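# A look at the structure
Residues per chain are reported as follows:
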Amino acid sequence: MTVYLNGQFMPLEEARIPVLDRGFIFGDGVYEVIPVYSRRPFRLAEHLRRLQHSLDGIRLANPHSDSEWTHLLNQMIERNEGEDQYLYLHITRGVAKRDHAFPNPPVPPTVFMTSNPLTTPPAALLRSGVCAVTAVDNRWLRCDIKSIALLPNVLLRQAAVDAGCAETILIRDNSFMTEGAASNIFVVKNGTVLAPPKDNLMLPGITYDVILEIAQINNIPYEVRRIGVNEVFAADELLLTSSTKEVLPVTKLDGQPVGSGEPGPMFERMHALYQEFKRDVMRK
Ligand code: PDD
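Being a predicted model, the structure only gives us computed values, none of them experimental.

With that settled, the discussion passes to the nonpolar core. Judged by nonpolar contacts, the single largest core of 46 residues is most densely connected at Met177, Phe186, Val187, Leu238, Leu239 and Tyr274. The greatest single-element share of this core, amounting to seven residues, is contributed by helix H8 (residues 265-282). Setting aside chain neighbours within four positions, we find Tyr274 in contact with Tyr37, Thr207, Val210, Ile211, Ile214, Glu246, Val247 and Met282. Within the second largest apolar cluster, 22 residues are counted, among which are Tyr4, Leu55, Leu73 and Ile77.

Given below as structure tokens:
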């Protein structure tokens, strides 16, 4: 695997950062995950806009213009194998003597990128669906920032793995659903797709946008609004989305079947439309 670190491409094994990097010491940085289909980054402009939003949120200057990022990302794609990849971009506030406050004067940020082969979820998983657990959303109030400080998400996701499940669905204030530990979640009820609003309590998923666009184009009814915890447990279907998982049916929640306990008609339709969208739009 060829990675990028601070201006240079190199084998992963050669990439090194100093121990005083603020990413290591404080989790002081942001990241992005960009899927690549047929060697083209998907929704690059939207990912770069979200990156800018994250950088603004932590008051870190963007080290590159959009055209520089585009050039770097295309080089990453060229230097790595696979028609379909996903790129991780990490930017931290750089290396400085330990102090919580920003280094003054600022130091150069650390920029690190990797590429991995993008594989779609196996057919068996699409047929069975995945199980999920619920947990209290105990993260901070800026979940719209794609921060590398992911300890809450790590612990929340591990709770799912400990239960033999794929994801943890997060409930804020004992009241409403926000998202998954590393995904967005939609509720399906009576043929309508319910989506939580893109506010400060969830990551504005790029796949989330694709799902709502597909719904709109195909006249699938949808509502963007707060989704009460009771609605999650009374759902006909639950859909999980992310750049790396596309769309998955959640068929079991906290040990109970979701709806029929099988992937439902909305999942089947959405998944088929997503595959069409991939073929006709993402790969073009
Ligand atoms: N995670 N919410 C959270 C907390 C996430 O971490 C992610 C993605 C999403 C979905 O966003 P998108 O559709 O843009 O991938 C929602 C990525 C895959 C990760 O951290 O690896």
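Following the structure, the description resumes.
A separate point is the packing of aromatic side chains. Using the criterion set out here, one finds six aromatic pairs in the structure. Judged by centre distance (6.1 Å) and plane angle (5 degrees), the ring pair of Tyr31 and Tyr88 falls under stacked. Taken as a pair, Tyr31 in strand S3 (residues 29-37) and Tyr88 in strand S5 (residues 85-92) lie far apart in primary sequence, 57 residues in all. Exposure remark for Tyr31: the relative accessible area of 11% places this residue in the buried category. On the basis of relative accessible area, Tyr88 is assigned to the partly exposed category, the value being 25%. Each ring, one from Tyr37 and one from Phe42, has its centre 6.1 Å from the other, and the planes form 80 degrees; the classification is edge-to-face. Of the residues examined, Phe42 reaches a relative accessible area of 7% and is grouped as buried. Chaining the aromatic ring pairs together yields one cluster made of Tyr31, Tyr86 and Tyr88. Here the guanidinium or amino end of Arg79 rests over the ring plane of Phe9, the centre of that ring lying 4.1 Å away. Above the ring of Phe176, the side-chain terminus of Arg226 is found at 3.8 Å from the ring centroid.

Take empty space enclosed by the protein next. Enumeration according to the criterion identifies three cavities of 30 Å³ or more in this entry. Approximately 50 Å³ is the volume attributed to the largest cavity. Contributing to the lining of the largest cavity are Phe176, Met177, Thr178, Pro196, Pro197, Asp199, Leu201, Met202 and Arg226. In terms of residue class, the lining of the largest cavity is made up of six nonpolar, one polar and two charged.

Enumeration according to the criterion identifies one disulfide in this entry. Across the disulfide, Cys131 is cross-linked to Cys165 (sulfur-sulfur distance 2.0 Å). Judged by the sign of its S-S torsion, about -110 degrees, the bond between Cys131 and Cys165 is left-handed. With Cys131 in strand S7 (residues 130-136) and Cys165 in the loop between helix H5 (151-162) and strand S8 (167-172), this pair connects stretches of sequence that are 34 residues apart. A single burial state applies to Cys131 and to Cys165, both of which are buried.

About the thresholds
- Residues numbered from 1 in each chain as written.
- Predicted model: local features only at pLDDT ≥ 70, side-chain atom pairs only at ≥ 80, totals over all residues.
- Heavy atoms only, no water.
- Core = buried A, V, L, I, M, F, W, Y, C linked by side-chain atoms within 4.5 Å.
- Buried < 20%, exposed > 50% of the residue type's maximum accessible area, 1.4 Å probe, protein only.
- Helix = DSSP H or I, 4+ residues; strand = E, 2+ residues; numbered from the N terminus.
- Contact = heavy atoms within 4.5 Å.
- Phe/Tyr/Trp six-rings, centres within 6.5 Å; stacked < 30°, edge-to-face > 60°.
- Lys NZ or Arg CZ within 6 Å of the ring centre and 35° of its normal.
- 1 Å grid on protein atoms, 1.4 Å probe; cavity = no way out; pocket = protein on both sides within 12 Å on 5 of 7 lines; lining within 4 Å.
- Points joined across faces, edges and corners; volume = space filled by probe spheres on them.
- Nonpolar A, V, L, I, M, F, W, Y, C, P; charged D, E, K, R; others polar.
- Disulfide = S-S within 2.5 Å.

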